[in-house]
Amino acid sequence: MAVDRQVRWRRLVTEGVGTFFLVLVAAGAGVVSAVTGGMVTPAAQAIAPGVMVLALIYTLGVTSGAHLNPAVTLAFAARGHFPWRRVPPYLGAQVTGAVAAAGVLRALFGTVGGLGASRPGPGVGAGAAFALEVLLSLGLMTVIFGTSTGARNIGHNSAIAIGGYIALAGLWAGPACGASMNPARSVAPVLLGGHGGPLWIYLLGPLVGAGLAVPLAWLLRGPPSPAATQAAQGADQNGGQGTGSPQTPGGESP
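Everything quoted here is computed from the prediction, not taken from an experiment. (Residues numbered from 1 in each chain as written. Predicted model: local features only at pLDDT ≥ 70, side-chain atom pairs only at ≥ 80, totals over all residues. Heavy atoms only, no water.)

Caption draft 1: Seen up close, the overall build of the protein chain. Within the protein chain, the regular secondary structure consists of nine helices and zero strands. Counted from the first residue to the last, the protein chain has its helices and strands arranged as α-α-α-α-α-α-α-α-α. Of the contacts formed within the protein chain by residues at least 6 apart in sequence, a portion of 77% connects residues at least 24 apart. (Helix = DSSP H or I, 4+ residues; strand = E, 2+ residues; numbered from the N terminus. Contact = heavy atoms within 4.5 Å.)

Caption draft 2: Up close: the packing of aromatic side chains. Summed over all chains, the structure comprises four aromatic pairs. Taking 5.1 Å as the distance between ring centres and 85 degrees as the angle between the ring planes, the aromatic pair formed by Phe20 and Phe21 counts as edge-to-face. Over the ring of Phe145 we find Arg79, and its NZ or CZ is 5.8 Å from the ring centre. Arg79 extends its terminal NZ or CZ atom over the ring of Trp218, reaching a point 5.3 Å from the ring centre. (Phe/Tyr/Trp six-rings, centres within 6.5 Å; stacked < 30°, edge-to-face > 60°. Lys NZ or Arg CZ within 6 Å of the ring centre and 35° of its normal.)

Caption draft 3: Quick peek at the packing of helix H3 (residues 70–79) against helix H5 (residues 126–147). Running from N to C, H3 and H5 cross one another at 55 degrees; their axes reach a closest spacing of 11 Å. For the element pair H3 / H5, the angle class is oblique. Of the two elements, H3 crosses H5, and the hand of that crossing is right-handed. Contacts between H3 and H5 pair Val72, Ala75, Phe76 and Arg79 from the former with Met141, Ile144 and Phe145 from the latter. By residue class, the composition of the contact of H3 with H5 is six nonpolar, no polar and one charged. (Axes fitted to C-alpha atoms, helices over the stretch in contact; angles between N-to-C directions. Parallel < 35°, antiparallel > 145°, perpendicular 65-115°, else oblique. Left-handed = near helix turned anticlockwise from the far one by under 90°. Nonpolar A, V, L, I, M, F, W, Y, C, P; charged D, E, K, R; others polar.)

Caption draft 4: Main features of the layout of surface pockets. Counted as a void, the largest pocket has a volume near 940 Å³. The wall of the largest pocket is formed by 47 residues, among which Ala26, Gln45, Gly178, Ala179 and Arg185 lie closest to the centre. Secondary structure elements with two or more residues in the lining of the largest pocket: helix H1 (2–35), helix H2 (42–64), H3, H5 and helix H6 (156–177). Examining the composition of the lining of the largest pocket, we find that eight residues originate from one element, H2, more than from any other. Looking at the lining of the largest pocket, its residues break down into 26 nonpolar, 19 polar and two charged. (1 Å grid on protein atoms, 1.4 Å probe; cavity = no way out; pocket = protein on both sides within 12 Å on 5 of 7 lines; lining within 4 Å. Points joined across faces, edges and corners; volume = space filled by probe spheres on them.)

Caption draft 5: Broad picture of empty space enclosed by the protein. Across all of its chains, the model carries one cavity of 30 Å³ or more by this definition. Considered as a void within the structure, the largest cavity measures approximately 40 Å³ in volume. Tallying contributions element by element places H5 first for the lining of the largest cavity, with three residues. Residues that form the lining of the largest cavity fall into these classes: six nonpolar, two polar and no charged.

Caption draft 6: A look at the packing of helix H7 (residues 183–191) against helix H8 (residues 199–221). Direction vectors running N to C along H7 and H8 enclose 165 degrees, while the axes themselves pass 9 Å from each other. By the angle between their directions, the pair H7 and H8 is classed as roughly antiparallel. Seen along the crossing, H7 lies across H8 with a hand that is left-handed. Contacts between H7 and H8 involve Pro183, Ser186, Val187 and Val190 on the former and, on the latter, Leu199, Tyr202, Leu203, Pro206 and Leu207. Classifying every residue of the contact of H7 with H8 gives eight nonpolar, one polar and no charged.

Caption draft 7: Local environment of a nonpolar patch on the surface. Judged by side-chain polarity, Trp200, Leu203, Leu204, Leu207, Val208 and Leu212 come together as a nonpolar surface patch covering roughly 480 Å² of accessible area. Along the chain, the position of Leu212 falls in helix H8. (Patch = residues over 30% accessible without salt bridge, like charges linked within 9 Å, V, L, I, M, F, W, Y side chains within 5 Å. Areas by Shrake-Rupley, 256 points an atom, 1.4 Å probe, with all protein chains shown as cover. Salt bridge = Lys/Arg side-chain N within 4 Å of Asp/Glu carboxyl O.)

Caption draft 8: Spotlight on helix H4 (residues 87–109). In this model, H4 (23 residues) spans 33 Å end to end at C-alpha, consistent with the 33 Å of a helix rising 1.5 Å per residue. All buried positions along H4 are accounted for by Val87, Tyr90, Ala93, Gln94, Gly97, Ala98, Ala101, Ala102 and Leu105. Directly beyond the C-terminal end of H4, a positive phi value near 70 degrees is found at Gly110. (Expected span 1.5 Å × (residues − 1). Buried < 20%, exposed > 50% of the residue type's maximum accessible area, 1.4 Å probe, protein only.)

Caption draft 9: Region of interest: the environment of Leu22. With respect to the helices and strands, Leu22 occurs in helix H1. On the accessibility criterion, Leu22 (8% relative accessible area) is buried. For Leu22 and Ala48, which are 26 residues apart along the polypeptide, the C-alpha to C-alpha distance reads 9.2 Å.

Interpretation note: all reported values are geometric properties and have no functional meaning in isolation.
Spelled out as structure tokens, the structure:
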């Protein structure tokens, strides 16, 4: 149906736009700091992505679920909140938005600051950085599973909890590993010529961490709930908050 196609495209555009702004801030903070001689402090670089995620959940959560992160989308699908057939388009939209943001940064500033690419801190080995990315992503996905339920997906509970977690993770772990927790955010600058740390850390770490959050969610919260499925999937064609139903794990009719 034409309405269904419009809803699908609206969700994908929303994911792309949301990821664009997230990466613009997350990578751009480091770039602007390099351009301005440190005017964007390390603390500001850590807090800015969290505040942006908070704003994006308020703004976009009702439409697409505001995943903004391939690891989040895959974990939602593994948990049964999101249909697997919608995963590839979501991942494509997220990567497209991330690459577009890196492209804007390169057009404005060149590759200064490594284009904001993620990298381990001085004296931090690849193994330690990988372990931190796994643990941080496990915590992030646990917070998302615990708060993105029903109306709270666009309310203060989820937005503040998730944005606050990202900011806190950046404050204490950013200097050690970059605290990316998002494969799209890390791969986009590298694709456009930025130089960061070993890319496998920032691809596998978030995926492993978010994957580990799935069995942990079963231990902490039990089976998937219809409300959480609605939160993960975004709006229906009438503009409501999701199409989830208790009858189907993906929340859509077969």
